[in-house]
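For reference, the chains in residue letters:
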Amino acid sequence: MVYQIGSALLDACVLSVLASGDAYGYQLTQQIRNVIDVSESTLYPVLRRLQKDGALETYDEPFQGRNRRYYRLTGKGREMTAFYRTEWSGFKEKIDQLLLEEKRYDKE
């Protein structure tokens, strides 16, 4: 994809994936990577930042003799997700107007 993904959009993607349920780090990164081209090394700092900001919390679950760290939304994270979704809807509509709609202009 030729378009760069900014930090706010990446935050929105992470929060939206977690809105459908808790996920461990690798699982979360794979879900996002199925849609946008982003590296794991880019996503883990996003997870840490969102956790520091109070949007995410973590818990560990044992799996095959090791612990998996799961991420889940907090109340603030759910609020942020709703905000990002509303903002995205308006932003997408405006960009679609520019990129997809052909407008006829009167020649003077």
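Summary of the structure given here. None of these values were measured; they are calculated from a predicted model.

1. Let's talk about the pattern of salt bridges
What the rule picks out here adds up to five salt bridges. A salt bridge links Asp11 to Arg49, with the nearest nitrogen and oxygen atoms 2.3 Å apart. Linking Asp11 in helix 1 (residues 7-19) with Arg49 in helix 3 (residues 40-52), this pair joins segments that are 38 residues apart in sequence. The partly exposed category is assigned to Arg49, whose relative accessible area is 31%. Close ionic contact of Asp60 with Arg69 constitutes a salt bridge, the shortest N to O distance being 2.9 Å. On the basis of relative accessible area, Arg69 is assigned to the partly exposed category, the value being 44%.

2. Observations regarding the nonpolar core
Core analysis: the biggest nonpolar cluster contains 21 residues, and Val14, Leu15, Leu18, Leu28, Ile32, Leu50 and Leu56 have the highest contact counts within it. Broken down by element, this core gets its largest block of residues, six residues, from helix 1.

Conventions adopted
- Residues numbered from 1 in each chain as written.
- Predicted model: local features only at pLDDT ≥ 70, side-chain atom pairs only at ≥ 80, totals over all residues.
- Heavy atoms only, no water.
- Salt bridge = Lys/Arg side-chain N within 4 Å of Asp/Glu carboxyl O.
- Helix = DSSP H or I, 4+ residues; strand = E, 2+ residues; numbered from the N terminus.
- Buried < 20%, exposed > 50% of the residue type's maximum accessible area, 1.4 Å probe, protein only.
- Core = buried A, V, L, I, M, F, W, Y, C linked by side-chain atoms within 4.5 Å.

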